[in-house]
Amino acid sequence: KRPMLETAHPLPLYGVACKFWRGRDAETPDTRGQFFVASSSEYRVRPIRGQLRGTQYHNGRPMRDGIAAVAKSLGSWRYEFPAGGHPAVYRPAFPRMLSAEQDSAEGEAE
């Protein structure tokens, strides 16, 4: 239930070029075509004060450019990395370590 700035802060380039939308849980897809693509980020106090500027989309079509997202201070923001993003910047998360999986399996067996 984090606001948009807190969601964007740990992302590569502070969320620039990422697609953001609001959803109830982490697996909620963008089904209504209403989303925001950030083009710039500026933080005054990280990660809670700042601005993300970009393009607002409705029904998959751009409506306004260079604006802050609608309802940015409300929670439940989801994100998606840009299609065709450079793999050095937008890399997938590291897999879990094998030793951590073995430790959790041993803990369950006891």
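Residues numbered from 1 in each chain as written. Predicted model: local features only at pLDDT ≥ 70, side-chain atom pairs only at ≥ 80, totals over all residues. Heavy atoms only, no water.

Asks: Explain the nonpolar core to me, and be specific about the residues and the numbers.
Replies: Residues Met 4, Phe 20, Phe 36 and Leu 52 are the most contacted members of the largest nonpolar core, which totals 13 residues. If you list the elements that add at least two residues to this core, you get helix H1 (4–8) and strand S2 (35–45). Ignoring sequence-local partners within four residues, the contact set of Phe 36 consists of Met 4, Cys 18, Lys 19, Phe 20, Leu 52, Arg 53, Gly 54, Thr 55, Gln 56, Ile 67, Ala 68 and Ala 69. (Core = buried A, V, L, I, M, F, W, Y, C linked by side-chain atoms within 4.5 Å. Buried < 20%, exposed > 50% of the residue type's maximum accessible area, 1.4 Å probe, protein only. Helix = DSSP H or I, 4+ residues; strand = E, 2+ residues; numbered from the N terminus. Contact = heavy atoms within 4.5 Å.)

Asks: Explain the side chain of Ser 76 residue by residue, including any values.
Replies: Mapped onto the elements, Ser 76 comes out in the loop between strand S4 (61–68) and strand S5 (77–80). On the accessibility criterion, Ser 76 (8% relative accessible area) is buried.

Asks: A description of the packing of aromatic side chains should follow, citing residues and the corresponding values.
Replies: Tallied over the full model, the rule gives four aromatic pairs. Both rings, one in Tyr 79 and one in Phe 81, keep their centres 5.7 Å apart while their planes meet at 50°; by these two values the pair is tilted. On the basis of relative accessible area, Tyr 79 is assigned to the partly exposed category, the value being 38%. Note on Phe 81 and Tyr 90: the rings are 5.5 Å apart at their centroids and 50° apart in plane angle, and the pair reads as tilted. By relative accessible area, Phe 81 is classed as partly exposed at 31%. Overall, the relative accessible area of 14% leaves Tyr 90 in the buried class. A connected cluster of aromatic rings, assembled from ring pairs, spans Tyr 79, Phe 81 and Tyr 90. One residue, Lys 19, lies across the ring of Trp 21, its end atom 5.8 Å from the ring centre. Above the plane of the ring of Phe 35 lies Lys 19, whose end atom (NZ or CZ) is 4.4 Å from the centre. (Phe/Tyr/Trp six-rings, centres within 6.5 Å; stacked < 30°, edge-to-face > 60°. Lys NZ or Arg CZ within 6 Å of the ring centre and 35° of its normal.)

Asks: Before we move on, could you go through unusual backbone geometry and cite the residues and values that matter?
Replies: Despite not being glycine, Tyr 14 shows a phi value in the positive range, around 55°. Along the chain, the position of Tyr 14 falls in the loop between H1 and strand S1 (19–22).

Asks: Describe the pairing of S1, listing the residues and the values that go with them.
Replies: Along a regular strand, successive side chains alternate from one face of the sheet to the other. Sheet topology note: the S1/S2 ladder contains two bridges and is antiparallel. Bridge pairing in S2 links Phe 20 to Phe 36. Pairing of S1 with S5, which is carried by four bridges, proceeds in the antiparallel orientation. Bridge assignment links Lys 19 to a residue of S5, and that residue is Glu 80. (Pairing = 2+ DSSP bridges.)

Shape is all these values report; function is a separate question.
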